[in-house]
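Commentary on secondary and tertiary structure
What follows is the residue order along each chain.
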Amino acid sequence: MVHNFAKEYLDMIQAGDEIVSQKVKSVYERECAWMDNPPADFPFYFDPERGNRHIEFIERFCKLSQGKFAGQNIKLEPFQKAKIQMVFGWVEKDTHFRRFREVDDLRGRKCGKSTETAAVEWDAALNDNEMGAQIYCTANKKDQAKIIFNECVNMMKHSPALKAVAKKRQSDIYIDLSYIMALAADSSTLDGLNTHFFSLDEFHEQRTSKLYDVMLQSQSSRDQPLAWLISTNGFVREGFFDDRYSYCENVAVWNKGYEDYRLLPLIYELDKREEWEAPECWGKANPGLGKIKKISTLSENVAKAHRDRSFLPTLLTKDFNLKENTTQSWLTANDAINKTVVDMEFLRNSYAIGGCDLSSTTDLTCATLVIRKPGNPNFYVLQKYFIPESKIKTQDNKNKQEGAYRKWKEDGWVQVNDGATVDFHNVTEWFAYMVREYNIRPLWIGYDAALSGYWREEMDSYGFDMEKIRQGPFTWTYPFKELAGLFEEHRVIYQNNPVLLWCLFNTGVKCLN
C-alpha cells in the first residue's frame, strides 16, 4: 500500500492531532481535494509513489550531523513527509515534470529547516535525472549561506553512501558533473549561472528581490527547476520579505488573482497575536514541536517574555512568526499596520491640515494632508514622498536598500527627481494638484523654517497659508503621545501607504528624562 502522507497529515489536522495555522490548513484542504477531484482540464496529476521515493532516499541515506543523534538516519516528521511528497509527487500530465517550481516555507526557529533543506539538496542532486545540476545554498550573506552548505558537507561525512558518490572540493561538493555550492547576495558576481535548484535561507534579511530574481532567471533553461525558500519572520519591514509574504498568504487562501499552481506556500504562524500565551496554539508556528523543537525551551522563552517585555518582539517574530517591530520602535507592528483604504471620492471637497518635512540634501521629503470628516473619529492621511535619483543609485551601488524606492516609484508613492537634490517646486505642485483635482484645501501647512528657503515664498505665491513649526522635544512630546494612541485604536487611515508604514517601523523613541 502506497502511503498518501499529504492526506494523512490533513486527517491529523482535522482531528486536532496536528495544530497548524489556518493558511496551512487551507493549502492542504485544497491540494488533497484536487488529488481526488481535480478542476476541469487540470494539467497535473498526483503520484504518491513518486513522491515517496524522495522521502525514502532522505530517510535511508541522509544522516543527522549534530547533537546526541549525530550519525543517525533522518526520520522525517508527518509535516515534512506531507510537504516533500507533494513537492515531488505533483507532476505535469504531458511531460511528467514537477508541477511545483517554488516552495516558500515559513516556520519558527529551530524547527528543522536547515537539516531538511540540506537533505532535499542531496536528493535534488542525485535523483532529479538532471545532468550537470547546479545547486546553490543562497542567503543574504556568505556566512548564512554556508549554514546549509556546511550541513550538506556534514551529512556526506556521516553517510558512507553519499561519500561514495561525492567529493568535497575547496568551494563546493562535486557529484558527477553536478555540484552544491554556497552563494550570497554580496558575491562578486551572480552572472552565468544555470541553476537547477536553489535554497534561499532566512530571506527575511533580504531588503530587495535582487538575489531572488537573479536566481529565478538562472533557472530558465532547466526542465523542472525548484526554488526552496525558508525563513522565520524578521524585523526588516516593507522589503522583499513583506512582499513575498503578502503574495504567499494570498496564494495560500487562493484569493482571486493569486491562483498560482506553481507555488507551494506553507506559512506556519499564530493566527492571532494573543495566542502566544496559549500553549495549545504554539504548534501553529512550530511544526514538530516536542519532537524537533523542545517544548521546555519554548516555555522558558515565553516565561522570559512575561518577565522582560523587551524580549517579547523577538519571541513573537522568531518563535511565532508574527510581524513585529524592534523593542526600540515607537509603535508595535500591530499598532502601525492599517490596511484600510477609502475611495478618494469620499475625501473630495474637504478641508485639511497640511505639513511638509523638507530634506536638507538627499533624504526623503514628505508632503502630507490630514483630513477629518464631521461625526467621523478617524484621521485620513494623504502623502507624497520625493527623493533624488542619486540617492537610489547610491543605495544600488552599495547593494543595500534603505527602502524599496524603485518599487514605490512604480506604484506612485514616491516621485524621483533627477540629480542629487529634491526639487521643492514638485512639492508645491503636489499641494496644488490636490486642490485642483480633488478640491482638498489645506487651511494651513506646517513647515520647518530651518530648511524652507525660497520654498516658503513660492507656497505663499500659490495662496497657501504657511505655519512655521519649530521641531524638537518641546513641540513633539504631546503630539507623539496622542498620535500613538490614535494608531493603537487604528483611527489613522493612511491608505495603506507602504512608505509611511516603513517610516513608522523605523521611528524610535528617545527620552530625555
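Quantities reported herein were computed from a predicted structural model and do not represent experimental measurements.

Check the secondary structure of the chain and you find 19 helices and 17 strands. With the C-alpha coordinates of the chain rotated into their principal frame, the extents come out at 80 × 55 × 50 Å. In the chain, which comprises 513 residues, the share counted as buried stands at 53%. Within the chain, counting contacts between residues at least 6 apart in sequence, those at least 24 apart form 71% of the total. Of the roughly 24,100 Å² that the chain leaves accessible, carbon and sulfur atoms contribute 49%. Placing the 66 positive and 73 negative side-chain charges of the chain at their respective mean positions leaves the two points 4 Å apart.

Before going further, it helps to spend a moment on the side chain of asparagine 417. By secondary structure assignment, the location of asparagine 417 is in strand β14 (residues 414–417). Assessed through its relative accessible area of 5%, asparagine 417 is described here as buried. From its side chain, asparagine 417 meets the backbone nitrogen of aspartate 423 in a polar contact 2.9 Å long. Ignoring sequence-local partners within four residues, the contact set of asparagine 417 consists of Phe386, Ile387, Pro388, Glu389, Val422, Asp423 and Asn426.

With that settled, consider the pattern of salt bridges. Counted according to the given criterion, the structure contains 30 salt bridges. In this structure, aspartate 36 engages lysine 7 in a salt bridge whose closest nitrogen and oxygen atoms are separated by 2.8 Å. Taken together, the residues aspartate 36 in helix α2 (residues 22–36) and lysine 7 in helix α1 (residues 5–15) connect sequence positions 29 residues apart. Owing to a relative accessible area of 25%, lysine 7 belongs among the partly exposed residues under this scheme.

The next subject is the sheet that holds strand β4 (residues 134–139). Taken together, 8 strands build an open sheet; the order of strands is β5-β6-β7-β4-β8-β9-β3-β10 and the sheet is mixed. The open sheet is flanked by β5 (167–168) and β10 (263–267), the only strands paired with a single partner. Taken together, the 5 bridges between strand β3 (residues 102–106) and β10 define a ladder with parallel strand orientation. Bridge assignment links valine 103 to a residue of β10, and that residue is leucine 264.

We now examine a positive patch on the surface. Taken together, Lys142, Lys146, Lys157 and Lys168 make up a surface patch of like positive charges. Considering every element that reaches the positive patch, the biggest residue donor is helix α6 (residues 142–158), with 3 residues. Looking at the secondary structure, you find lysine 146 in helix α6.

In terms of strand pairing, strand β11 (residues 351–357) meets strand β15 (residues 441–447) through 6 bridges, oriented parallel. Along β15, the bridge assignment pairs glycine 354 with isoleucine 445. Taken together, the 6 bridges between β11 and strand β12 (residues 365–371) define a ladder with antiparallel strand orientation. Looking across to β12, one finds that glycine 354 is bridged to leucine 369.

In this fold, arginine 99 is placed in the loop between β2 (90–92) and β3. Given a relative accessible area of 0%, arginine 99 falls into the buried group. Only 2.9 Å separates the side chain of arginine 99 from the side chain of glutamate 31, close enough to count as a polar contact. Setting aside anything within four residues of it in sequence, one finds arginine 99 in contact with Glu31, Trp34, Phe44, Trp90, Val91, Glu92, Tyr261 and Arg262.

Time to look at a nonpolar patch on the surface. A surface patch of nonpolar side chains, amounting to about 430 Å² of accessible area, comprises Tyr351, Ile353, Leu443 and Trp444. Residue assignment for the nonpolar patch shows that the elements contributing at least two residues are β11 and β15. Locating tyrosine 351 in the fold gives a position in strand β11. Look at tyrosine 351 and you get exposed, because its relative accessible area is 59%.

This part is about unusual backbone geometry. For leucine 177, which is not a glycine, the phi torsion comes out positive at approximately 75°. Summarising the element assignment, leucine 177 is placed in the loop between β6 (172–175) and β7 (178–184). Phi at glutamate 202 is positive, roughly 45°, even though this residue is not glycine. Residue classification places glutamate 202 among the buried positions, given a relative accessible area of 15%.

This part takes up the state of the cysteines. One pass over the structure, following the stated rule, counts 0 disulfides. Unpaired in terms of disulfides, cysteine 62 finds its nearest cysteine sulfur in cysteine 152, a separation of 8.6 Å. Distance from the sulfur of cysteine 137, which forms no disulfide, to the nearest cysteine sulfur (cysteine 152) is 4.8 Å.

Right, let's talk about the environment of valine 341 for a bit. Its location among the elements puts valine 341 in the loop between α12 (333–336) and α13 (344–347). In this structure valine 341 comes out as exposed when scored by relative accessible area, which is 51%. Taking C-alpha positions, valine 341 is 7.0 Å from isoleucine 493, a pair spaced 152 residues apart along the chain. For valine 341, the contacting residues outside a window of four places in its chain are Gln495 and Asn496.

Here we take up the packing of aromatic side chains. Using the criterion set out here, one finds 30 aromatic pairs in the structure. Aromatic pair tyrosine 9 and tyrosine 28: ring centres 5.0 Å apart, planes at 80°, arrangement edge-to-face. A residue pair is termed long-range when its members are at least 10 positions apart, and tyrosine 9 in helix α1 and tyrosine 28 in helix α2 qualify at 19 residues. Taken together, a centroid distance of 4.9 Å and an interplanar angle of 50° make the contact between tryptophan 330 and phenylalanine 480 tilted. Note that tryptophan 330 is positioned in the loop between α11 (312–319) and α12 and phenylalanine 480 in helix α18 (residues 473–488), a separation of 150 residues in sequence. Looking at phenylalanine 480, the relative accessible area reads 33%, which means it is partly exposed. A connected cluster of aromatic rings, assembled from ring pairs, spans Trp34, Phe42, Phe44, Phe46, Trp90, Trp254 and Tyr261. Note that arginine 99 overlies the ring of phenylalanine 44, its terminal NZ or CZ placed 5.6 Å from the centroid.

What counts and what doesn't
- Residues numbered from 1 in each chain as written.
- Predicted model: local features only at pLDDT ≥ 70, side-chain atom pairs only at ≥ 80, totals over all residues.
- Heavy atoms only, no water.
- Helix = DSSP H or I, 4+ residues; strand = E, 2+ residues; numbered from the N terminus.
- Buried < 20%, exposed > 50% of the residue type's maximum accessible area, 1.4 Å probe, protein only.
- Contact = heavy atoms within 4.5 Å.
- Areas by Shrake-Rupley, 256 points an atom, 1.4 Å probe, with all protein chains shown as cover.
- Lys, Arg positive; Asp, Glu negative; His and termini not counted.
- Charge placed at Lys NZ, Arg CZ, Asp CG, Glu CD.
- Polar contact = N/O pair within 3.5 Å; in protein donor to acceptor, adjacent residues only side chain to side chain.
- Salt bridge = Lys/Arg side-chain N within 4 Å of Asp/Glu carboxyl O.
- Pairing = 2+ DSSP bridges.
- Patch = residues over 30% accessible without salt bridge, like charges linked within 9 Å, V, L, I, M, F, W, Y side chains within 5 Å.
- Disulfide = S-S within 2.5 Å.
- Phe/Tyr/Trp six-rings, centres within 6.5 Å; stacked < 30°, edge-to-face > 60°.
- Lys NZ or Arg CZ within 6 Å of the ring centre and 35° of its normal.

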